[in-house]
Amino acid sequence: MNHIMKFLTSPSSPTLTPATAMLRNRIPKQLRRTILVYLACACVLLVILNIDLMPSVASPSSVLRRSTMLHKPRKVDPVSAFPKKIWQTWKIDPLSFEERDSITARSWTVKNPGHRYEVLTDSNDMNYVEQHYGPGGFNHISIVDFYRSVNASIIKADLLRYLIMYAEGGIYADIDVEALRPVHRFIPERYDESEIDMVIGVEIDQPEFKDHRILGGKSQSFCQWTFMAKPQQAVMLKLVENIQSWLTNLAKKQNVPIGEVVLDFDEVISGTGPSAFTAAVLEEMNERSSGESITWDVFHDLRESKVVGGILVLDVEAFAAGQGHSDSGNHDARGALVKHHYHASNWPSRHPRFSHPVYGEVERCNWNADCVRKWDEDVETFGLLPPEEQQKRIDEKKDQTPGLNLGLELRNLNVPSLL
């Protein structure tokens, strides 16, 4: 600083004007030095504040650190209210819907004008999964690869609803589900929405068939054609991981790629559908709850909604009215919130149920106890007949139903043990 002052006061310095010289002479020498120090500090401060704007060569460590930050799983802050988003998935976008699908879709937007409505399709579902589960999202690369490898449309449909609900939350409804009431009716007024993470409903409540070889796995289940969830619920991701493990092991067992796995109706139901959904939800309830074990007994013959471990369970009438079983009531009831039309449920044609070559499918009994008992007795009696008599009855059945492909010859018949 001294050399600066010498420079300013040296004989070789430029000649000052009289006015300037007079001003300098009026400012004390100590004050002039202080001003210069302040100016120097201000310059240094400006350089520090703008150093990030100066071009620089990034070090390898900084590049690695920045890359790691980009690939950290995305976090979603806890929310007190359910996102106002309605999700559906279908083959095509809403502008190309058939009239029946447009009608059910409009029921959701008309009754919930404050909600965002979105349909993911066969054309953009992969982009969605990559965006939310790739490096820029939750960074679950194995999920992205797994989803891409699956070819069965019903498996992808189940997977996609769970992935959507984990990523963003909101309300999911199958494309053939009509909204009968606004979404705010999903949560009864006596509950605090901030204390609820999911809203689900009973679909099938027929525990008397729980030991039946064919019906047992489907006899106690929650509905997954309509449900509501806040984002990043662990049970949604757990479902996806369970499906991933199950299908990978099944592909190894069949010695085929995942995209070529062959599945029947019951494998779909238990692997990705309502049975898988129910098992995961019950497991989550038990992890959240302390004390006694949570089993289906807690929800059997449910007359009033209840909350277990932050999961609100509605009675069967809410999401599954009019089924003709499980005491499901009808769609005119005040408690009925949606109506499932089933016109998009054609996937069983690609993943058939077990159908006896003479007595057909036990599901046709629609959980009627007398009908199921009669079917069981007939099938058991059939199994005791000599092979020639069995083949004769199969041929007679074919003659009675011309053009019907029963899909089973006697030599391929494998009737499961029923009870």
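Shown above is the structure to which this text applies.
Residues numbered from 1 in each chain as written. Predicted model: local features only at pLDDT ≥ 70, side-chain atom pairs only at ≥ 80, totals over all residues. Heavy atoms only, no water.

## Digging into the nonpolar core
At step 1: One finds Trp108, Phe186, Ile200, Phe222, Met236, Phe277 and Met285 to be the most contacted residues of the largest nonpolar core, which totals 81 residues.
At step 2: Apart from residues no more than four positions distant in its own chain, isoleucine 200 is found in contact with Phe222, Phe227, Phe277, Val281, Met285, Ile311, Leu312, Val313, Leu314 and Phe319.
At step 3: Ile204, Leu215, Val362 and Trp367 belong to the second largest nonpolar core, which has 11 residues in total. (Core = buried A, V, L, I, M, F, W, Y, C linked by side-chain atoms within 4.5 Å. Buried < 20%, exposed > 50% of the residue type's maximum accessible area, 1.4 Å probe, protein only. Contact = heavy atoms within 4.5 Å.)

## Things to note about the state of the cysteines
At step 1: For the structure on display, the rule yields one disulfide.
At step 2: Cysteine 365 shares a disulfide with cysteine 371; S-S distance 2.0 Å. Taking the sign of the S-S torsion, about -65 degrees here, the bridge from cysteine 365 to cysteine 371 comes out left-handed.
At step 3: Residue cysteine 365 is classed as buried on the basis of its relative accessible area, which comes to 8%. (Disulfide = S-S within 2.5 Å.)

## Brief notes about the packing of aromatic side chains
At step 1: Counted by the stated rule, this structure contains 15 aromatic pairs.
At step 2: Geometrically, the ring pair formed by tryptophan 87 and tyrosine 128 is edge-to-face, given 5.9 Å between the ring centres and 65 degrees between the ring planes. Of this pair, tryptophan 87 sits in strand β1 (residues 85–90) while tyrosine 128 is found in helix α6 (residues 125–133), placing the two residues 41 residues apart along the sequence.
At step 3: Ring geometry for tyrosine 162 versus phenylalanine 277: centroids 6.2 Å apart, planes at 10 degrees, classification stacked. Residue tyrosine 162 is found in helix α8 (residues 153–167), and its partner phenylalanine 277 is found in helix α11 (residues 274–288); the two are separated by 115 residues along the sequence. As far as the burial class goes, tyrosine 162 and phenylalanine 277 line up, both buried.
At step 4: Members of the aromatic cluster, connected to one another through ring pairs, are Tyr162, Tyr172, Phe227 and Phe277.
At step 5: Lying across the ring of tyrosine 147, lysine 156 places its NZ or CZ 4.4 Å from the centre.
At step 6: Sitting over the ring of phenylalanine 82, lysine 230 keeps its end group 5.1 Å from the ring centre. (Phe/Tyr/Trp six-rings, centres within 6.5 Å; stacked < 30°, edge-to-face > 60°. Helix = DSSP H or I, 4+ residues; strand = E, 2+ residues; numbered from the N terminus. Lys NZ or Arg CZ within 6 Å of the ring centre and 35° of its normal.)

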